[in-house]
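Each chain, letter by letter, is given below.
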Amino acid sequence: MDYQAVLEEVAAHVKPRIGRGRVAQYIPALASVDPDHFGIALADTDGRVAGVGDWERPFSMQSISKAFSLALVLAEDGEKLWRRVGREPSGNPFNSLVQLEYENGIPRNPFINAGALVVTDRLHTLTGDASTTMLDFLRAESGNPDLAFDQEVAASEAAHGDRNAALAHFMAGYGNLDNPVPTVLEHYFWQCSIRMSCRDLALAGGFLARHGLRADGSRLLSRSEAKRVNAVMLTCGTYDAAGDFAYRVGLPGKSGVGGGIVAVVPGRCTLCVWSPGLDARGNSVAGLAALDHFTTLTGWSVF
């Protein structure tokens, strides 16, 4: 398949949607991003990469980081994590407090903010430095040693992170955090602030298309564990829009309020699309349309 031609067709198709939606407002450092950016990249299982538009321009990965922290914890700790976080779609906004009270401090899944905080907490316990562990992993898998935290974004999130602090303190009250709340929040904000391009993210997520094999051929996850990460991405990776994403795109995916979405075609490739304009549920308007058109053009889907 001519990846470049397919991506150019996708970009042409979604051009009228670029700039639609609204950039994330609750993190001031993201509110000033130009909504007219658009990029898409594809990395196949052999590491070949194609891209269109702003595919090499770094952006804040935000909640896409949650897929990588989940994989790193499962690689180190196996199934133990699922005692502390569920695997079911939430049906509520990503920063909701409501379910935590009903469910005794156990987050519904690892991709809502509460669940991601539990995963970060566990990663920090296992490694001693959750955010640097993730950054090192992403540098290795993307082949880009220049990846870095965005200090402005991390500081902006920390200054406006009261809801996340409330989630963390609530879970700590139920004994579902091992580390001090300020430590967990700090590493969570640093993880979300990492700047990566579509190219970087498509390559970094390649282990999920290779059934758990890293870029160097070593195994991060068993085939079964990789399947499970992909399954949770499909059912929970786009917040309370996961059903619509599965219906339209038909691939495991993880979005972030920076406007990025990573999607996985197991056994074939990993895609990343970026366009900062978000819909009401926090997912990229043009990014969702691009992935929808990509699977329609190629017929590549898990269904």
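Predicted model, so just to flag it, every value in this text is computed and none were measured.

Caption draft 1: The packing of helix H5 (residues 113-127) against helix H8 (residues 162-173), seen in detail. It is the contact of H5 with H8, at a shortest axis distance of 10 Å, that shows an interaxial angle of 65°. Two packed elements cross with a definite hand, and for H5 against H8 that hand is right-handed. Where H5 abuts H8, its residues Asn113, Ala114, Leu117 and Val118 lie against Asn164, Leu167, Ala168 and Met171. A breakdown of the residues in the contact of H5 with H8 according to their chemical character gives six nonpolar, two polar and no charged.

Caption draft 2: Region of interest: H5. Here H5 spans 21 Å end to end across 15 residues, near enough to the 21 Å set by a 1.5 Å rise per residue. Burial of H5 is extensive: 12 of the 15 residues sit out of reach of the surface. On its buried side, H5 packs onto helix H3 (65-77), helix H4 (98-102), helix H6 (130-142), H8 and helix H9 (181-193). The positive-phi residue at the C-terminal boundary of H5 is Gly128, with phi of around 85°.

Caption draft 3: Fine view of the environment of Met1. Of note, Met1 is situated in the segment before helix H1 (3-14). Once residues lying within four places of it in the same chain are set aside, the contact partners of Met1 are Val6, Thr298 and Trp300.

Caption draft 4: Just the sheet that holds strand S6 (residues 260-265), in detail. Pairing in this open sheet of five strands is antiparallel, and the strands run S2-S1-S7-S6-S5 from one edge to the other. The two strands at the open ends of the sheet, each matched to only one other strand, are strand S2 (49-53) and strand S5 (253-255). Within the sheet, the average angular offset between the axes of one strand and its neighbour, ignoring direction, is 10°. Judged from the three bridges that link them, S5 and S6 form a sheet pairing that is antiparallel. Looking at S6, one finds that Gly253 is bridged to Ala263. Each of strand S1 (39-44), S6 and strand S7 (269-274) is contacted by helix H14 (residues 285-298), which is oriented at about 145° to S7, the strand it contacts most.

Caption draft 5: Seen up close, the nonpolar core. In this structure, Met61, Phe68, Leu138, Met196, Leu201, Phe207 and Leu221 are the most contacted members of the largest nonpolar core, which totals 46 residues. Examining the composition of this core, we find that seven residues originate from one element, H3, more than from any other. Ignoring anything within four residues of it in the chain, the contact list for Met61 reads Phe68, Leu138, Gln191, Cys192, Ile194, Met196, Leu201 and Gly256.

Caption draft 6: How the structure looks around H6. Its 13 residues place the ends of H6 18 Å apart at the C-alpha level, agreeing with the 18 Å of an ideal helix rising 1.5 Å per residue. Within H6, the full set of buried residues consists of Ala130, Ser131, Met134, Leu135, Phe137, Leu138, Glu141 and Ser142. With its buried residues spanning 165° around the axis, H6 presents them on a single face. Buried residues in H6 make contact with H3, H5, H9, strand S4 (195-196), helix H10 (198-204) and helix H11 (206-209). Backbone geometry just downstream of H6 places Gly143 in the positive-phi region, at approximately 75°.

Caption draft 7: Up close: the pattern of salt bridges. The full count for this structure, using the stated rule, is 13 salt bridges. For Asp178, the salt bridge identified is with Arg122, shortest N-O distance 3.9 Å. Remark: Arg122 occurs in helix H5 and Asp178 occurs in the loop between H8 and H9; sequence separation between them is 56 residues. Using a relative accessible area of 48% as the deciding quantity, one classes Asp178 as partly exposed. By relative accessible area, which is 18% here, Arg122 ends up buried. Between Asp136 and Arg139 there is a salt bridge, with the nearest N and O atoms lying 3.9 Å from each other.

Caption draft 8: Highlighting the packing of helix H7 (residues 151-159) against H9. At a minimum axis separation of 8 Å, H7 and H9 run at an interaxial angle of 135°. One element, H7, and the other, H9, form an angle in the oblique class. Handedness of the crossing formed by H7 with H9: right-handed. Residues Gln151, Val153, Ala154, Glu157 and Ala158 of H7 pack against Phe189, Trp190, Cys192 and Ser193 of H9.

Caption draft 9: Geometry of the UniProt feature "binding site: substrate" (unreviewed entry) in the protein chain. The feature "binding site: substrate" (unreviewed entry), as given by UniProt, occupies Ser63, Asn113, Glu157, Asn164, Tyr188, Tyr239 and Val257 in the numbering adopted here. Position of Asn113 among the secondary structure elements: in helix H5. Here Asn113 falls in the buried class, since its relative accessible area comes to 5%. Within polar-contact distance, the side chain of Asn113 engages the side chain of Lys66 at 2.7 Å. Within the secondary structure layout, Glu157 lies in helix H7. Judged by relative accessible area, Glu157 falls into the buried class, the value being 7%. If we ignore the near neighbours within four places in the chain, the residues touching Glu157 are Ile27, Gln62, Phe189, Cys192 and Ser193.

The rules behind each value
Residues numbered from 1 in each chain as written. Predicted model: local features only at pLDDT ≥ 70, side-chain atom pairs only at ≥ 80, totals over all residues. Heavy atoms only, no water. Axes fitted to C-alpha atoms, helices over the stretch in contact; angles between N-to-C directions. Helix = DSSP H or I, 4+ residues; strand = E, 2+ residues; numbered from the N terminus. Left-handed = near helix turned anticlockwise from the far one by under 90°. Contact = heavy atoms within 4.5 Å. Nonpolar A, V, L, I, M, F, W, Y, C, P; charged D, E, K, R; others polar. Expected span 1.5 Å × (residues − 1). Buried < 20%, exposed > 50% of the residue type's maximum accessible area, 1.4 Å probe, protein only. Pairing = 2+ DSSP bridges. Core = buried A, V, L, I, M, F, W, Y, C linked by side-chain atoms within 4.5 Å. Arc of directions from axis to C-beta. Salt bridge = Lys/Arg side-chain N within 4 Å of Asp/Glu carboxyl O. Parallel < 35°, antiparallel > 145°, perpendicular 65-115°, else oblique. UniProt positions renumbered as here; feature names shortened; annotations may be inferred. Polar contact = N/O pair within 3.5 Å; in protein donor to acceptor, adjacent residues only side chain to side chain.

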